[in-house]
Amino acid sequence: MSAPLQVPSCSRCERPSVLHQRYSGRSFCNTHLIDSVHKRFAKELRRQLDLPKSGKTTTILVAISGGKDSAILLDRLVKILGQRRDVVLIAGCVDEGIDGYRSPSMKCAIELAEKKNVEFVSISYPELGFERMDEVVQKMPLIGKKHSHVKGMAPCSFCGVFRRQGLNYLAEKTGADVMALGHNLDDMAQTVLMNMQKGDLERTLRLAPHTSNPIDGLPPRIVPMRWIPEQEIHATAMALDLPFFHDECPYSPGALRQRNRDMVARLEEDVPGSRHGLVHMVDAIKELESKTSENVRPATPTPCPLCSAPTSGDICKGCEFVQMLKEVSE
Ligand code: SF4
Ligand SMILES: [Zn+2]
Ligand SMILES: [Zn+2]
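Described below are features of the structure shown in this document. (Residues numbered from 1 in each chain as written. Chains lettered and ligands numbered in written order. Predicted model: local features only at pLDDT ≥ 70, side-chain atom pairs only at ≥ 80, totals over all residues. Heavy atoms only, no water.)

**Considering the sheet that holds strand E6 (residues 178-180)**
Then comes step 1: Spatial strand order, E5-E4-E3-E6-E7: 5 strands in an open sheet with parallel pairing. Edge positions in the sheet fall to strand E5 (119-124) and strand E7 (221-222), since each of these pairs with one other strand and no more.
Then comes step 2: For strand E3 (residues 58-63) and E6, the ladder comprises 3 bridges, and the chain directions are parallel. Bridge pairing in E6 places leucine 61 opposite methionine 179. (Pairing = 2+ DSSP bridges. Helix = DSSP H or I, 4+ residues; strand = E, 2+ residues; numbered from the N terminus.)

If you want it as structure tokens, here you go:
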């Protein structure tokens, strides 16, 4: 007869564990997982969010997508800051125009904002002057024929640029002083690796949080979940019974990020703690950069002559993509 399956217990109580943290060797039950995630979130939020002592109101645009990460982001921000009179939280969602994905996830986002009693705002790509992603994807092969650097690009290259502009638009519309993003530890480690693969120091230096290095013309971004792994966020969102959309965007497979996701997962599997290491490395680079003389820093972005979005090129990436889309529509 085989021995009964032993569920390991939580490292802090007798209850069965729901999650094992390989990088620390600890296990958690639902209650202690929520507790641990909350503590890490609150600690990082204190580090990143500089609220004025004067009591002046700070408006935070919380970028939500309907997924688990932003569900935890909004839930914890409401828990920590919801009672403060000097903080206004507004949930903002960008509608990329992806059939079968955006409308159900938007529904979850609206449901969450209502449940948390937070104002909800949204903007769609057509409202921003962009085409819906479903149309962009159709046109990408044609654009690739005209512009070799677009050939092989994933839809996310366009979408990421458009969405960033959408969030900037919402931040401006709501008068946000700060923007909160739901990037988890895996997202951050993937971004670090992607920037390193491209040798992109400028982006590495501009990586959120922006508390001590704000980017001109944009509200500083905070990422209070940056030390919390995706798996822990997922388990916590389930434990808290938050409404969130489980499916992935249909255009995410094959994207560079997806491949980096696998790579980061393999690194972590091989050497637990690798994700933390990658993100710590960028903090160290940013710290070093802050001590160097001005002239080695990347140029401050200037307003795009076509749409006034901040850019380090002649025109912004959004306008460049819009022009390419127009070319193939003519
Ligand atoms: S996975 Fe890519 S295409 Fe889909 S919503 Fe995200 S950035 Fe856009
Ligand atoms: Zn426990
Ligand atoms: Zn522009």
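So, next bit.
**Some details on the packing of aromatic side chains**
Then comes step 1: Taken as a whole and judged by the stated rule, the model has 7 aromatic pairs.
Then comes step 2: An angle of 10° between the planes, with centres 4.0 Å apart, marks the rings of phenylalanine 130 and phenylalanine 162 as stacked. Taken together, the positions of phenylalanine 130 in the loop between helix H4 (125-128) and helix H5 (133-146) and phenylalanine 162 in helix H6 (residues 155-174) put the pair 32 residues apart, joining distant regions of the chain. Here phenylalanine 130 matches phenylalanine 162 in class, with each residue buried.
Then comes step 3: Overall, the relative accessible area of 0% leaves phenylalanine 162 in the buried class.
Then comes step 4: These aromatic residues form a ring-pair network of at least three members: Tyr125, Phe130, Phe158, Phe162 and Phe321. (Phe/Tyr/Trp six-rings, centres within 6.5 Å; stacked < 30°, edge-to-face > 60°. Buried < 20%, exposed > 50% of the residue type's maximum accessible area, 1.4 Å probe, protein only.)

**Details of the site of ligand 1**
Then comes step 1: Every residue close to ligand 1 is listed here: Glu96, Ile98, Cys156, Cys159, Arg163, Cys249, Tyr251 and Ser252.
Then comes step 2: For the shell around ligand 1, the residue count by class is 5 nonpolar, 1 polar and 2 charged. (Near = heavy atom within 4 Å. Nonpolar A, V, L, I, M, F, W, Y, C, P; charged D, E, K, R; others polar.)

**Describing the packing of H6 against helix H12 (residues 317-329)**
Then comes step 1: Packing of H6 against H12 brings their axes to within 9 Å, and their N-to-C directions diverge by 125°. As the angle between them shows, H6 and H12 are arranged oblique. Between H6 and H12 the crossing geometry is left-handed. The residues of H12 that touch H6, namely those facing Ser157, Phe158, Val161, Phe162 and Gln165, are Lys317, Gly318, Phe321, Val322 and Leu325.
Then comes step 2: Residue composition of the contact of H6 with H12, grouped by class: 6 nonpolar, 3 polar and 1 charged. (Axes fitted to C-alpha atoms, helices over the stretch in contact; angles between N-to-C directions. Parallel < 35°, antiparallel > 145°, perpendicular 65-115°, else oblique. Left-handed = near helix turned anticlockwise from the far one by under 90°. Contact = heavy atoms within 4.5 Å.)

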